[in-house]
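Results of the structural survey
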Amino acid sequence: MKIGVVGLGYVGSVTVAVLAEAGNEIIAVDVDRDKIESLSRGEPPIYEPGLKEALTRNRENIHFSSSFEQLRGSAACFLCVPTPNRGGKIDLSYVVSASESVSSVDANTVIVIKSTVLPGTASMVRERAGMRVVSNPEFTREGSAVEDTRHPDRIVVGSAGAPEAQLVENIWKFTGSPVLRTNNENAELIKYASNAFLSIKISFINEISNLCERIPGGDVEVVAKGMGMDRRIAPYFLKAGIGYGGSCFPKDTEALLSFAQEKGDPLKIVEASRMVNEGRISRFLDMVKRAEPPSNATDISVLGVAFKDSTDDIRESQAAKLVRALIPLYRSVYFYDPVVKTFEGATRCGSLEECIQQSRTVVIATEWPEFGRLSTMGFTGNVIDGRRILSPDISEKFYAVGLNHA
Ligand code: UDX
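Being a predicted model, the structure only gives us computed values, none of them experimental.

The strand order across the open sheet formed by six strands is S13-S12-S11-S14-S15-S16, and the pairing between neighbours is parallel. Since the sheet does not close on itself, it has two edges, and those belong to strand S13 (347-348) and strand S16 (398-400), each with one partner. Both strand S11 (residues 295-303) and strand S12 (residues 330-336) contribute to a ladder of six bridges, which runs parallel. Bridge pairing in S12 places Leu303 opposite Tyr336. Helix H12 (residues 280-291) contacts S11, S12, strand S14 (361-364), strand S15 (382-385) and S16 of the sheet and is inclined by roughly 170 degrees relative to S15.

Here it is as structure tokens:
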């Protein structure tokens, strides 16, 4: 099938690779010519495990272009363009302009909205562009986006018409994943409700972790494990730490809150989850300062600056916020991240080994599994674990989120 994908960021470039791998002819369009050029050379502009390999393996099925004209004759066109927040509100201008560009080329193409958009957006696009519009939100996580797109937990297909819903269902049939068919509005809300719920789970365990720090012998890892053994709760997204970041949770919860407010039914639990998340860095900073009092004669090392492991994305990264907060407090801040190469105001080390040699205090800010090696490196300084990846017996000077030593 000839399929278009518009917007080649994290979601779009992975969609291109996976749909090409399934045997489709993909027209991959972005208005950014530099991006098209680097993708055509086989260089994705982002780091995502398996993406470069998948694009290379399937390059015969992919045509990169900055011209919408190439989309003519596509059965469906996936919109994967950004929906940023401006002043707390979602900006739909990229979705609107991309859909109008597609409709001006071929009015028979089915528009498939993958971008995260508030309920009512697909109907608005349908009216403005005069096209058939299917809502097909993505639930992929950065760092495992290729695998998540190949094998999603579910495929949500929202549509006003059965033939276009069937078309999209057929496109994803190769995944073997269960399909939920509904209207556009429910599909749009499923995406926000899912992200908001996951962010609530994280903030909940982070508040429990605060409590653990106040209870002699308290350890949030054990409490989360005990909770997660209940199948109704499940063990996922109960990892306490310095809070959630990234391009989705902060942005989507903010957009959902202002949408709910406007509708007259504010979401108090989502609001609370955001407040808890906003307090994570200052609380963790206090822990760091207690272990290593700030001084302009002291250096400090931070492991990880991305918002999570297996990505180079520092958008809304809690780790990046922490590094920025540490810079004015210490003489030098050293960092090591397996894929992030530069960070303004901090000095990058080429390896974990080099980083821990720079100072007597090491702070773990991103959950890269590689940092677990610290436990076998004989480091005797302060270790402050903001992601609970090390075992508490690593050092006498071990401090961690959600852990009380007494
Ligand atoms: C998220 C959703 O998981 C995905 O379904 C949606 O499509 C996009 O947003 P992503 O932002 O890539 O994906 O990463 P995710 O793995 O969800 O982690 C988000 C943040 O939460 C990270 O900062 C991570 O460190 C933090 N997190 C996650 C925790 O602090 N604890 C956890 O238990 C899980």
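With that settled, the discussion passes to helix H7 (residues 162-171). Along H7, the residues that are buried comprise Glu164, Ala165, Leu167, Val168 and Ile171. Buried residues along H7 cover an arc of 155 degrees about the axis, so they all sit on one side. Structural note: H7 exposes Ala162 and Pro163 on the side pointing more than 90 degrees away from its buried face.

Closest axis-to-axis distance for the helix H10 (residues 249-263)/helix H11 (residues 268-278) pair is 10 Å, and the angle between their directions is 145 degrees. Here H10 and H11 pass one another in a crossing that is left-handed. Of the residues in H11, those touching H10 at Pro250, Thr253, Glu254 and Leu257 are Val270, Glu271 and Arg274. Among the residues forming the contact of H10 with H11, the class breakdown is three nonpolar, one polar and three charged.

Examined at the domain level, the protein breaks down into domain 1 (2-182) and domain 2 (207-400). A C-alpha centroid distance of 32 Å is found between domain 1 and domain 2. Facing the 16 residues of domain 1 at the interface are 17 residues of domain 2. Contact between domain 1 and domain 2 buries roughly 1400 Å² in total, counting both sides, with carbon and sulfur atoms accounting for 51%. Taken as a group, Tyr47, Asn85 and Glu142 account for 40% of the area that domain 1 buries against domain 2, more than any other trio of residues on that side. The tally of links from domain 1 across to domain 2 stands at two salt bridges. The partner of Arg315 in a salt bridge is Glu142, and the shortest N-O contact between them spans 3.6 Å. Where domain 1 meets domain 2, there are nine residue pairs in polar contact (both at pLDDT 80 or more). When its residues are assigned to classes, the side of domain 1 that touches domain 2 shows eight nonpolar, five polar and three charged.

What counts and what doesn't
- Residues numbered from 1 in each chain as written.
- Predicted model: local features only at pLDDT ≥ 70, side-chain atom pairs only at ≥ 80, totals over all residues.
- Heavy atoms only, no water.
- Pairing = 2+ DSSP bridges.
- Helix = DSSP H or I, 4+ residues; strand = E, 2+ residues; numbered from the N terminus.
- Contact = heavy atoms within 4.5 Å.
- Axes fitted to C-alpha atoms, helices over the stretch in contact; angles between N-to-C directions.
- Buried < 20%, exposed > 50% of the residue type's maximum accessible area, 1.4 Å probe, protein only.
- Arc of directions from axis to C-beta.
- Left-handed = near helix turned anticlockwise from the far one by under 90°.
- Nonpolar A, V, L, I, M, F, W, Y, C, P; charged D, E, K, R; others polar.
- Domains from an automatic or database assignment.
- Buried area = accessible area lost by both parts, 1.4 Å probe.
- Salt bridge = Lys/Arg side-chain N within 4 Å of Asp/Glu carboxyl O.
- Polar contact = N/O pair within 3.5 Å; in protein donor to acceptor, adjacent residues only side chain to side chain.

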